[in-house]
Amino acid sequence: MIEDNISIDNEGHTLAGALTRPNSGPATQTVLLIGGSGPLDRNQNSSNLQLNLFNTLAEHLVQAGIASVRYDKRGCGISTGNIDAAGHTDLVEDASRWLRYLQTHVDFKDTQLFVLGHGEGALIGAQLAARYPAIVGLIMLAPSTENYAAVIERQAQNALQEITDLPGLKGKLFRFFLRLGGDQIAKQKKLIAKIMKSSRATMKIRKQTINAKWIREMIQQDPLAIHAQVNIPTLAIAGSKDLQSQASDLQQLQSVLQGPFESHVIPDMTHIMRIDPDAPSTRHYVRLAKQDMDERVLTLISDWIARAA
């Protein structure tokens, strides 16, 4: 395996990444890996959670003779810029710039180009697939067809339910302070309305920086309309215990995608591509991250690319 650190420029930002390729010769397929939401580096790691999704995936792909590029989002890892002020359209343009790099790179311009995205990256992948005819296949991990406003409310309801179900003294304390704070869903809706009326890139809420631009632009997206423009072979993989995306959304994808579609729902798998035998909870992520990425996800991806070639 050969792995080179590379960088490109986009809108004055230096975007750093890694190019992984087989040492046996030129690859015939190359995959652009696009990360999910939040401040993530090229491996899908943040300061709070080390997932190591994309480095694991890159190592698996290269064993099958498939090259890949993964990158630090702007303002993350060693990429420059400000992730707190980056909107969804900025992230789409960053991914587009990486794709154009692959289209012109002497070692990859003649390979088959695939795009793989996780979470928000799956939506970005669909946007690129509709825009660039050079992409021959789209892979979506934990995709979503929900409007982001609905996602925000659903996740808030899930968080409140987790607190309701939390046992012992800790649960009692959480519920006590929650009652003191009033109707949390109503407060969240009020905040979203304030963000939608604003034109600022960021806002301060209780000393915390909120990426208002990103939230506005995500709510303005129509995921179903975006996916309806995809007319290339698509693989979608979801987990039955994903709290961020819903596995049932694969049925809607089936109804709108214009090209061949293959989908898989892995039992007990969470948004972070790990298996959780317990009731799903984001509180388990730190523990689950110590596990390996589910091997079935890796095999499904490499086998599908081999068949699509």
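So, how was this worked out
- Residue positions within a chain follow its written sequence, with the count starting from 1.
- Where local features are concerned, this predicted model is filtered to residues with pLDDT of at least 70; where side-chain atom pairs are given and counted, the filter is 80 or more; whole-chain, interface and lining totals use all residues.
- Side-chain figures throughout are based on the complete set of non-hydrogen atoms in the structure, without hydrogens or water.
- Classification of residues uses two cut-offs on accessible area relative to the type maximum, computed with a 1.4 Å probe and protein chains only: under 20% is buried, over 50% is exposed, and between them is partly exposed.
- For the purposes of this entry, the term helix denotes a DSSP run of H or I that reaches at least four residues, the term strand denotes a run of E that reaches at least two, and both are numbered from the N terminus.
- Pairing between two strands is assigned when DSSP locates at least 2 bridges connecting them.

In the nomenclature of an unreviewed UniProt entry, the protein corresponds to Esterase EstD from the organism Granulosicoccus antarcticus IMCC3135.

Undergrad: Give me the lowdown on the pairing of strand β9 (residues 234-239), citing residues and values where you can.
TA: Counting buried residues along β9, six of its six residues qualify, which places the element largely inside the surrounding structure. Where burial is concerned, the two faces of β9 agree: the one with Thr 234, Ala 236 and Ala 238 and the one with Leu 235, Ile 237 and Gly 239 are both buried. Of the strand pairs in this sheet, strand β6 (residues 135-141) and β9 are connected by four bridges, and their pairing is parallel. Looking at the pairing, Ile 139 lines up with Leu 235 of β9. Sheet analysis places β9 next to strand β10 (residues 261-266), joined by six bridges and oriented parallel. The residue of β10 that forms the bridge with Ile 237 is His 264.

Undergrad: Before we move on, can you summarise the environment of Pro 280 with the specific residues and values?
TA: Inspection of the secondary structure assignment puts Pro 280 in the loop between β10 and α10 (285-288). Each C-alpha atom of the pair Pro 280 and Met 269 lies 9.1 Å from the other, and the pair is eleven residues apart in sequence.

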